[in-house]
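Topology and contacts: notes
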Amino acid sequence: MRNKSTELWRCEQCLEIHDNEDDARECCRPDVTAGYGCLECGLFFLNEIGAEKCCSDSDADPAAPPILNRFELEAAGQQRLFG
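In this report, the structure presented in the accompanying data block is examined. Source: prediction; values computed, not measured. Residue numbers run consecutively from 1 along every chain, following the written order of its sequence. For this predicted model, a pLDDT threshold of at least 70 governs which residues receive local features, and a threshold of 80 or more governs which side-chain atom pairs are given and counted, while totals over whole chains, interfaces and linings are taken from all residues. Side-chain figures throughout are based on the complete set of non-hydrogen atoms in the structure, without hydrogens or water.

**Section: the overall build of the chain**
Starting at the N terminus, helices and strands are each numbered in turn, a helix being any DSSP run of H or I of at least four residues and a strand any DSSP run of E of at least two. The number of helices and strands found in the chain is three helices and four strands. Moving toward the C terminus, one meets the helices and strands of the chain in the order β-β-α-β-β-α-α. Burial status follows relative accessibility: with a 1.4 Å probe on protein chains alone, a residue under 20% of its type maximum counts as buried, one over 50% as exposed, and anything between as partly exposed. Evaluated residue by residue, the chain yields a buried proportion of 28% over its 83 residues. Note on contacts: a residue pair is in contact if any heavy atoms of the two residues lie within 4.5 Å. For the chain, restricting intrachain contacts to residue pairs at least 6 apart in sequence, the fraction spanning at least 24 positions comes to 42%. Accessible areas in this description were obtained via Shrake-Rupley with a 1.4 Å probe; residue shielding takes into account the shown protein chains only. With the model as given, the accessible surface of the chain reaches about 5,900 Å², and the carbon-plus-sulfur share is 49%.

**Observations regarding the side chain of Thr-33**
Relative to the helices and strands, Thr-33 is located in strand β3 (residues 32–38). Residues adjacent in sequence count toward polar contacts only when both atoms are side-chain atoms; beyond that, a polar contact is any pair of N or O atoms within 3.5 Å, and within protein one must be able to donate a hydrogen and the other to accept it. Polar contacts involving the side chain of Thr-33 include one to the side chain of Glu-12, which spans 2.5 Å. If near-sequence neighbours (up to four positions away) are discounted, Thr-33 is found in contact with Leu-8, Trp-9, Arg-10, Glu-12, Phe-44 and Leu-46.

**Here we look at the sheet that holds strand β1 (residues 5–11)**
Strands were regarded as paired on the criterion that DSSP finds at least two bridges between them. Across the sheet, which stays open at both edges, the four strands sit in the order β2-β1-β3-β4 with antiparallel pairing between neighbours. Either end of the sheet is taken by a strand with one partner, and the two such strands are β2 (17–18) and β4 (44–45). Direction of pairing for β1 relative to β2: antiparallel, over a ladder of two bridges. Counted as the bridge partner of Arg-10 is Ile-17 from β2.

**Brief notes about the side chain of Arg-10**
Looking at where Arg-10 falls in the secondary structure, it is placed in strand β1. Within polar-contact distance, the side chain of Arg-10 engages the side chain of Glu-12 at 2.8 Å. For Arg-10, the contacting residues outside a window of four places in its chain are Leu-15, Glu-16, Ile-17, Asp-31, Val-32, Thr-33, Phe-44, Leu-46, Asn-69 and Phe-71.

**Side note on the pattern of salt bridges**
The term salt bridge refers to a side-chain nitrogen of Lys or Arg lying within 4 Å of a carboxyl oxygen of Asp or Glu. All chains considered together, the criterion is met by two salt bridges. Salt-bridge contacts for Glu-12 lead to Arg-10; the nearest nitrogen and oxygen are separated by 2.8 Å. Summarising the burial analysis for this pair, Glu-12 and Arg-10 share the class buried. The closest approach of N and O atoms between Arg-25 and Glu-21, which form a salt bridge, is 3.0 Å. Placement of both Arg-25 and Glu-21 in helix α1 (residues 21–27) is noted, with a separation of four residues, approximately one turn of the helix. Assessed through its relative accessible area of 40%, Arg-25 is described here as partly exposed.

Take it as geometry only, folks, not as evidence of what the structure does.
See below:
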């Protein structure tokens, strides 16, 4: 099975995704979340299983949009509608 994910770090202040932990820690300080990114589409996941399944060749409906968490929605341009 080929690896379909890569380790990433997300700055929790600006939600920018980094491929280097030091860059993420220096971005806005101090909050950093480690996670994984899908190698095909680049979406950020908190666990490797989600990243591996993201663009897999499974029976999932290819037209169905991925389920994003609030950080991913904000990183994609969604305005925060909650506190």
